[in-house]
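Notes for the structure review
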Amino acid sequence: MHALHRMQTCARRALRARAAFAASCIGRYQSNKTGDSEDGNKLLKHLIMKIKATGPITVAEYMKEVLTNPIKGYYMHRDMLGEHGDFVTSPEISQVFGELIGIWCISEWMSAGKPKSLNLVELGPGKGSLMDDILRVFKQFQHLLNPCDISIHLVEVSPKLSEIQAITLTGNNIETHYDEATSAYKKGITKSGLHISWYNDVQNVPSGYTLYIAHEFFDALPIHKLQKTSDGWREMLIDIEHEMSQNLRFVLGSSNPLLTNTFIQADEKRDHIEISPQAAVIIEKLATQINSFGGAALIADYGHSGDKTDTFRGFRAHQLHDVLIDPGTADLTADVDFSFLKRIVGNTVISLGPITQQEFLKNMGIDLRMKVLLENNKDEATQRQLIQSYDILMNPSKMGQRFKFFSMFPHSRMERINGDSKLDSHPVAGFTKLQLT
């Protein structure tokens, strides 16, 4: 508890700035910002030419082009996060969010017996705000973590965001230089003295005891949309309206897609589903690594438990945006089907969740943390901002219910008693109430 007190004291100034930003975001969801139509049109022309040459494309292929096309992809050359971007994430709203994730990491490391080395991996790190908050917590608990060799590994495909992350986490704009030996395209030292590396693919991250963090990562992975018809399952494709048109439309494919046999359960009751093979590959990779080398994964995202159908949507300037209009100028996303992820990992690891963000943060002690902050910040404006940021994170009508937390652990994290799976003597932080002892 003394360490927690020191942490809140040294972080107070940064917290005020973050809280002020959170308050400013509340009134910005009605922004009239428009995208770069010229760039959007260039990508649209590319897509139309592609469709004319090869026929209608899958939604997955469309998402991949729109988000990660090397020349005009949405993620590749812009800063889309924050009040001047297209959406805002929890780490930008309140640093308390990142602090609690940092405590979660330390809790899991301790529960594993304090391994001598730790790979801390974040998938899709945004601006680096979440990792920055986690590392600040690590610094406050440096006396505990000193015996551990900690290295940071970021999986990021966006050159623009990797620049921002480097400045946030190291204080320097690190030049891109691909290292064939490690497959990292950037390397540096964090402000707290830890080695940090960047990768294009999670497959390239080194093995070892690893904690994986994925916040709003899986919702951006390409999806296939499948529709049940009287003739069986058909894939929804994207086509042009007619030969001379500059408009895109959804159409149904004429044959049963191969994905049906691989990913659709025989007892599937929905008539429309969204499937991400790329998510399957990544979650399987994480599960295999955790099973082989130890560690854990914490995944937080928009999501459901296999009960939703059409969740594919776009965001621009904090507003919903038609996914087929001005491709490349808006973010594309789909809710994560956590039941699908659980089915993919099977018995390779133990999985917990999904539970709501509200429940996870409550279990992590956010109410106690906010009580301390409010008591130590007597300025009324700062108090209002703290309360507003808390409301955004926890209110069921805002982020509290929409976001879900899901985690994976090796079987050694649990113990078997009379054939039942029970938590060991170290409860899993966030999924059970945090023990402040």
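Calculation notes
- Residues numbered from 1 in each chain as written.
- Predicted model: local features only at pLDDT ≥ 70, side-chain atom pairs only at ≥ 80, totals over all residues.
- Heavy atoms only, no water.
- UniProt positions renumbered as here; feature names shortened; annotations may be inferred.
- Helix = DSSP H or I, 4+ residues; strand = E, 2+ residues; numbered from the N terminus.
- Buried < 20%, exposed > 50% of the residue type's maximum accessible area, 1.4 Å probe, protein only.
- Contact = heavy atoms within 4.5 Å.
- Phe/Tyr/Trp six-rings, centres within 6.5 Å; stacked < 30°, edge-to-face > 60°.
- Lys NZ or Arg CZ within 6 Å of the ring centre and 35° of its normal.
- Pairing = 2+ DSSP bridges.
- Axes fitted to C-alpha atoms, helices over the stretch in contact; angles between N-to-C directions.
- Parallel < 35°, antiparallel > 145°, perpendicular 65-115°, else oblique.
- Left-handed = near helix turned anticlockwise from the far one by under 90°.
- Nonpolar A, V, L, I, M, F, W, Y, C, P; charged D, E, K, R; others polar.
- Core = buried A, V, L, I, M, F, W, Y, C linked by side-chain atoms within 4.5 Å.
- Expected span 1.5 Å × (residues − 1).

As annotated in an unreviewed UniProt entry, the protein chain is Protein arginine methyltransferase NDUFAF7 from Engystomops pustulosus. Quoted verbatim from the Catalytic activity (unreviewed entry) field of UniProt, the annotation for the protein chain is "L-arginyl-[protein] + 2 S-adenosyl-L-methionine = N(omega),N(omega)'-dimethyl-L-arginyl-[protein] + 2 S-adenosyl-L-homocysteine + 2 H(+)". Under the heading Sequence similarities (unreviewed entry), UniProt records this for the protein chain: "Belongs to the NDUFAF7 family."

Turning to the overall build of the protein chain, a few remarks are in order. Per the secondary structure count, the protein chain includes 16 helices and 19 strands. The buried share of the protein chain, taken over its 437 residues, is 55%. In the protein chain, once contacts between residues fewer than 6 apart in sequence are set aside, the share between residues at least 24 apart is 74%.

Let us look at the packing of aromatic side chains. For the structure on display, the rule yields eight aromatic pairs. Here Tyr302 and Phe403 contribute two aromatic rings whose centre-to-centre distance is 4.3 Å and whose plane-to-plane angle is 35°, an arrangement assigned as tilted. Taken as a pair, Tyr302 in strand β11 (residues 295-304) and Phe403 in strand β17 (residues 403-409) lie far apart in primary sequence, 101 residues in all. Taken together, Phe97, Phe360, Phe405 and Phe431 form an aromatic cluster joined through their ring pairs. If you follow Arg313 out to its NZ or CZ, it ends over the ring of Tyr302, 5.1 Å from the centre. Of note, Arg413 hangs over the ring of Phe409, and the distance from its end group to the ring centre comes to 5.7 Å.

To continue, consider the sheet that holds strand β14 (residues 331-333). As a general point, the strands of a sheet are linked pairwise by backbone hydrogen bonds and lie either parallel or antiparallel. If you walk across this open sheet you meet the three strands as β13-β12-β14, and the pairing is antiparallel. A single partner strand is all that each edge strand has here, and the edge strands are β13 (319-321) and β14. Strand-to-strand twist of the sheet, defined as the mean angle between neighbouring strand axes without regard to direction, takes the value 40°. As paired strands, strand β12 (residues 313-316) and β14 are joined by three bridges and run antiparallel to one another. Within β14, the position partnered with Phe315 by the bridge is Asp331.

At a minimum axis distance of 8 Å, the contact between helix α6 (residues 95-111) and helix α7 (residues 129-140) shows a crossing angle of 55°. Put simply, α6 runs oblique to α7. Here α6 runs over α7; the crossing is right-handed. Taken together, the residues of α7 that come into contact with α6 (itself represented by Gln95, Phe97, Gly98, Glu99, Ile101, Gly102, Ile103, Cys105 and Ile106) are Leu130, Asp133, Ile134, Arg136, Val137 and Phe138. Considered class by class, the residues forming the contact of α6 with α7 number nine nonpolar, three polar and three charged.

This paragraph deals with the side chain of His215. In this structure, His215 sits in strand β6 (residues 210-215). In this structure, His215 is in contact with Thr89, Ser90, Pro91, Phe97, Leu123, Gly124, Leu130, Ala300 and Phe403, ignoring residues within four places of it in sequence.

In terms of nonpolar packing, the biggest core is built from 60 residues, with Trp104, Leu120, Phe138 and Phe360 touching the most fellow members. Ranked by the residues each element gives to this core, the list is headed by α6, at nine residues. Filtering out sequence-adjacent residues up to four positions away, Phe360 remains in contact with Ile101, Trp104, Leu298, Ile355, Phe405, Ala429, Gly430 and Phe431. Membership of the second largest hydrophobic core comes to 36 residues, among which are Leu123, Val155, Ala279 and Ala287.

Before going further, it helps to spend a moment on helix α11 (residues 277-293). For α11, which comprises 17 residues, the first-to-last C-alpha distance of 24 Å matches the rise-based estimate of 24 Å (1.5 Å per residue) to within 8%. Looking only at α11, the buried set comprises Ala279, Ala280, Ile282, Ile283, Lys285, Leu286, Ala287, Gln289 and Ile290. Elements that come into contact with the buried residues of α11 comprise β2 (117-123), β6, α10 (259-263), β11, α12 (338-345) and β17. Gly294, located one to two residues past α11, shows a positive phi value of around 85°.

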